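So the chains spell out like this:
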Amino acid sequence: DKTIVGDALLELGLIAGEEGASLQYDAAVLIARIADGGMRDALSLLDQCIGHDRHVTADIVCKVAGMTGKDHLFSLADATAQANAGKALEIVNDLHANSCDMERLCSDLINHFRNLMIVKTVKSASEILVCTAEELEQYKTQSGKLTLENILYCISLLQDSMANIKRGVNRRIEM
């Protein structure tokens, strides 16, 4: 529900202001997406971000949450669309070398391909996705490079990888 999302973003902004901090819109959207509807989780993440920097940006949120930047997700999905395994392996290796959590990366990729699926299948994707207008355009462009079958296959494969990661398989190898 867009009203609930809007209220949550407003609430995060108000709380940041009460704490003497600033919160960029993109950062608030990202916090809401990470919290997945859990206001306590959103407030906890906001508090951690403010502890890191009084001017909370999407980059700060990514750093505090241990997330990969969206650019890496789009690059990985592009490598998939181009069947360029070498490029995908380079990206994963670079992320691993920079201490990216492989379980988080897998989760982020599942969500990324879910967003591509929604953009590909739903007329009003902007009403379902919590993302910036710029990100929505990137999703639209990228979804045009993949078939729905490819997107669903990637989601299935990544979900299997996530299960293997949770069972203790080497995270880097599994990714």
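Relevant structure appears above.
On a predicted model such as this, the values are computed, not experimentally measured, just so you know. (Residues numbered from 1 in each chain as written. Predicted model: local features only at pLDDT ≥ 70, side-chain atom pairs only at ≥ 80, totals over all residues. Heavy atoms only, no water.)

Enquirer: Sorry, what's going on with helix α7 (residues 102-121) here?
Expert: Each α-helix winds once per 3.6 residues, and so residues spaced three or four apart point in a common direction. In this model α7 runs 28 Å from its N-terminal to its C-terminal C-alpha over 20 residues, within 8% of the 28 Å that 1.5 Å per residue would give. Those residues of α7 that sit buried are Met102, Leu105, Cys106, Asp108, Leu109, Ile110, His112, Phe113, Asn115, Leu116, Ile118 and Val119. For α7, the secondary structure elements touched by its buried residues are α5 (70-81), α6 (85-97), α8 (133-143), α9 (148-166) and α10 (171-174). (Helix = DSSP H or I, 4+ residues; strand = E, 2+ residues; numbered from the N terminus. Expected span 1.5 Å × (residues − 1). Buried < 20%, exposed > 50% of the residue type's maximum accessible area, 1.4 Å probe, protein only. Contact = heavy atoms within 4.5 Å.)

Enquirer: What exactly am I supposed to notice about the pattern of salt bridges here?
Expert: Pairing between side chains of opposite charge can happen when the charged atoms of each approach one another. This structure, assessed with the given rule, holds five salt bridges. Salt-bridge contacts for aspartate 78 lead to lysine 145; the nearest nitrogen and oxygen are separated by 3.3 Å. Taken together, the residues span a long stretch of sequence, with aspartate 78 in helix α5 and lysine 145 in the loop between α8 and α9 at a distance of 67 residues. What makes aspartate 78 partly exposed here is its relative accessible area of 21%. Relative accessible area serves as the criterion here: at 46%, lysine 145 is assigned to the partly exposed category. (Salt bridge = Lys/Arg side-chain N within 4 Å of Asp/Glu carboxyl O.)

Enquirer: Would you mind going over the packing of α7 against α8 with me for this structure?
Expert: Packed helices, taken two at a time, are described by their axes: the angle between them and the distance between them. Viewed as axis vectors pointing N to C, α7 and α8 meet at an angle of 80°, and their least axial separation amounts to 9 Å. Classified by the angle their axes make, α7 and α8 are roughly perpendicular. Residues His112, Asn115, Leu116, Val119 and Lys120 of α7 form the contact with α8, whose own contacting residues are Leu136, Tyr139, Lys140, Gln142 and Ser143. Residue composition of the contact of α7 with α8, grouped by class: four nonpolar, four polar and two charged. (Axes fitted to C-alpha atoms, helices over the stretch in contact; angles between N-to-C directions. Parallel < 35°, antiparallel > 145°, perpendicular 65-115°, else oblique. Nonpolar A, V, L, I, M, F, W, Y, C, P; charged D, E, K, R; others polar.)

Enquirer: I would appreciate a short explanation of the environment of alanine 77 in the present structure.
Expert: Among the structural elements, alanine 77 can be located in helix α5. For the pair alanine 77 and glutamate 19, spaced 58 residues apart in sequence, the C-alpha separation works out to 38 Å. With residues up to four places along the chain from it excluded, the contact list for alanine 77 reads His112, Phe113, Leu116 and Gln142.

Enquirer: I'm lost on a negative patch on the surface in this one. Help?
Expert: There is a patch of like negative charges on the surface, built from Asp7, Glu11, Glu18, Glu19 and Asp47. Here aspartate 47 lies in helix α3 (residues 39-52). Since its relative accessible area comes to 53%, aspartate 47 is described here as exposed. (Patch = residues over 30% accessible without salt bridge, like charges linked within 9 Å, V, L, I, M, F, W, Y side chains within 5 Å. Areas by Shrake-Rupley, 256 points an atom, 1.4 Å probe, with all protein chains shown as cover. Lys, Arg positive; Asp, Glu negative; His and termini not counted. Charge placed at Lys NZ, Arg CZ, Asp CG, Glu CD.)

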